[in-house]
Amino acid sequence: MRERQEFSFDLSHVERLPGLLVSVRDASEAMTALAAGADVIDVKEPANGSLGAADSPTIAAVVRAVAGRRPVTMAVGELVELTTALPSRLGEMTIAGVSLFKIGLASCGDSDDWQQRWCDVISELASSHRDVHTPRPVAVVYADWETAAAPKPDEVLRAASEIGCPALLVDTWNKTGGTLFDHWRLDLLRAFVERVRRHSMRIVLAGSLRGDESARAAALGPDLVAGRGAACRAGRNSVVCDDRVRELKRTVGSHAMTAIN
């Protein structure tokens, strides 16, 4: 296991929690999301899956466009794909200016060594940044973990706690298989959010959330509610649009609690 590192994911600019994370596929979408009130800009390529990675030039362009006004995070794909990548390819995926990166754990549920492989990839991704701005990993729990053949939620939480992950994301792997709440009973999800809190991690809720689902997620008191499809004009593979992001911001904000910074 990697040595535990202290890290603070700064959300001090968020007046009320939860804030809104919007996933974008390029710099133009990033500027739209930023202008419409997104609190965190996440970079992904939705055509490549739930946590599909964008290419390095795209990530760099988003970082330049955001220019430090909001934290930038990124998806880097699934662990089973990353462990077959050359080390040089992994190193190229980490871009200066990114705060956090997310690695999916689909097809790892039956593996005895997924935690070690996860740590190895995390080390490789972070190795090109040795200063105070070293990007840190977000643990990913799939609500449809059985469909994804991913580790169980509490297994991921324990592993994340051991290496000091600053945040944990709950998402859906199959984007056509229902929302977060189709896969996780509300009372059980609330209890899991509380367990994540006890490990002093930020908690982010996503999973094909629309208006009502985003409101329900916000009411559980996460640090961030995340979305892409609801921020786009015609589904997650279309374009992020201003009015959809503003609507999401209002929905999440109406269920927000006063932030404690």
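Shown above is the structure to which this text applies.
Model, not experiment: these values are computed from the prediction. (Residues numbered from 1 in each chain as written. Predicted model: local features only at pLDDT ≥ 70, side-chain atom pairs only at ≥ 80, totals over all residues. Heavy atoms only, no water.)

(A) Local environment of the packing of aromatic side chains. Here the structure, examined in full by the defined rule, presents two aromatic pairs. Considering the side-chain rings of Trp-114 and Trp-118, the 5.9 Å spacing of their centres and the 50° angle between planes classify their relative orientation as tilted. One end of the pair, Trp-114, and the other, Trp-118, are both in helix α5 (residues 114–126), four residues apart, so they sit about a helical turn from each other. The class for Trp-114 is buried, based on a relative accessible area of 3%. Where Trp-184 meets Phe-192, the ring centres are 5.1 Å apart and the plane angle is 40°; that geometry is what we call tilted. (Phe/Tyr/Trp six-rings, centres within 6.5 Å; stacked < 30°, edge-to-face > 60°. Helix = DSSP H or I, 4+ residues; strand = E, 2+ residues; numbered from the N terminus. Buried < 20%, exposed > 50% of the residue type's maximum accessible area, 1.4 Å probe, protein only.)

(B) Structural view of unusual backbone geometry. Even without a glycine there, the phi angle at Ser-107 is positive, about 70°. By the element assignment, Ser-107 lies in the loop between β5 (100–104) and α5. Phi is positive for Ser-208, close to 55°, though the residue is something other than glycine. Within the element layout of this structure, Ser-208 appears in the loop between β8 (202–205) and α10 (211–219).

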